[in-house]
Amino acid sequence: MTNGSDAEYLAYVHGRTTGLRRTAYLLCGDEHHADDLVQETITKLYVRWSRISGVENIDAYVHTMLVRIFLDEKRRGWWKVRLGVPPDRPAPAHHGHGVEERAVLRAALSQVPPRQQAVLVLRFLCDQSIADVARVLSCSEGTVKSQTAHGLTALRRILGDRIHSLGGTR
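Below is a short write-up of the structure. Given the structure is predicted, the values throughout are model-derived calculations rather than measurements.

Cut-offs used in this document
Residues numbered from 1 in each chain as written. Predicted model: local features only at pLDDT ≥ 70, side-chain atom pairs only at ≥ 80, totals over all residues. Heavy atoms only, no water. Helix = DSSP H or I, 4+ residues; strand = E, 2+ residues; numbered from the N terminus. Buried < 20%, exposed > 50% of the residue type's maximum accessible area, 1.4 Å probe, protein only. Contact = heavy atoms within 4.5 Å. Areas by Shrake-Rupley, 256 points an atom, 1.4 Å probe, with all protein chains shown as cover. Salt bridge = Lys/Arg side-chain N within 4 Å of Asp/Glu carboxyl O. Axes fitted to C-alpha atoms, helices over the stretch in contact; angles between N-to-C directions. Parallel < 35°, antiparallel > 145°, perpendicular 65-115°, else oblique. Nonpolar A, V, L, I, M, F, W, Y, C, P; charged D, E, K, R; others polar.

1. Here we look at the overall build of the protein
No. 1: A count of helices and strands for the protein gives seven helices and zero strands.
No. 2: Taken from N to C terminus, the helices and strands of the protein fall in the order α-α-α-α-α-α-α.
No. 3: Sorting the 170 residues of the protein into buried and exposed places 34% on the buried side.
No. 4: For the protein, long-range pairs separated by at least 24 residues make up 66% of all intrachain contacts whose partners lie at least 6 apart in sequence.
No. 5: Accessible surface for the protein amounts to roughly 10,500 Å². Of this, 54% is attributable to carbon and sulfur atoms.

In structure tokens form, the structure reads like this:
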């Protein structure tokens, strides 16, 4: 529960930005795009902040906003021009094991329809339950299950033989 103050809003956003950026990045696969998604989410949240005092789970509410912004952008994104990384600015470096595997998975996820992509990210990368994903996407648990099955089938088709090198032996 909130009292709607700006100080409370700032404290909430400050404490949740890292988690929101992680989820946004998992959804879109680009750091700058993830920042844009989070910025749009927290801007919309600020506009609604004084009215959400009755919301029982603010974190779920905000994650729902983030996912819907991502899905809305995917729906209307056909008219947007995507600018690449400028030639004088290198792409961000990712360190650690599995860099190639993450890149392959990210590329495969980007080819899955947006709603299936959101379901897969929320279920398997953000470790949310079927019920939680259904609430975020405003759909039934059965829809989440079918979207999960269709999304996994699409990933298997896209990845082909590479799925075994990624640890997907199921």
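From this point, the narrative continues.
2. Let's talk about the pattern of salt bridges
Opposite charge on two side chains allows them to pair when their charged atoms are near.
No. 1: What the rule picks out here adds up to four salt bridges.
No. 2: When the shortest N-O distance is used, the salt bridge between Arg 21 and Asp 35 registers 2.4 Å. In this pair, Arg 21 sits in helix H1 (residues 6-28) while Asp 35 sits in helix H2 (residues 31-48), placing the two residues 14 residues apart along the sequence.
No. 3: The exposure class assigned to Arg 21 is partly exposed, which follows from its relative accessible area of 35%.
No. 4: Given a relative accessible area of 31%, Asp 35 falls into the partly exposed group.
No. 5: The partner of Lys 44 in a salt bridge is Glu 40, and the shortest N-O contact between them spans 3.6 Å. One end of the pair is Lys 44 and the other is Glu 40, both in helix H2 and four residues apart, which spans about a single turn.

3. Some points on the packing of helix H6 (residues 130-137) against helix H7 (residues 141-159)
No. 1: Contact pair H6 / H7: the axes reach a minimum separation of 8 Å and the direction vectors enclose 100 degrees. Between H6 and H7, the crossing angle belongs to the class labelled roughly perpendicular. Together, Ile 130, Ala 131, Val 133 and Ala 134 of H6 and Glu 141, Val 144 and Lys 145 of H7 make up the contact between the two elements.
No. 2: Grouping the amino acids of the contact of H6 with H7 by side-chain chemistry returns five nonpolar, no polar and two charged.

4. Remarks on unusual backbone geometry
No. 1: Its identity is not glycine, yet Asp 127 carries a phi of approximately 55 degrees, on the positive side.
No. 2: Counting through the fold element by element, Asp 127 comes out in the loop between helix H5 (114-125) and H6.
No. 3: By relative accessible area, Asp 127 is classed as exposed at 67%.
No. 4: Its identity as a non-glycine residue notwithstanding, Ser 138 has a phi of 55 degrees, on the positive side.

5. With respect to the packing of H5 against H7
No. 1: At a minimum axis separation of 8 Å, H5 and H7 run at an interaxial angle of 100 degrees. Classed by the angle they form, the pair H5 and H7 counts as roughly perpendicular. Here Arg 115, Gln 116, Val 119, Leu 120, Arg 123 and Phe 124 of H5 come into contact with H7, specifically with Val 144, Gln 147, Thr 148, His 150, Gly 151, Leu 152, Ala 154 and Leu 155.
No. 2: Across the contact of H5 with H7, the residue classes break down as seven nonpolar, five polar and two charged.

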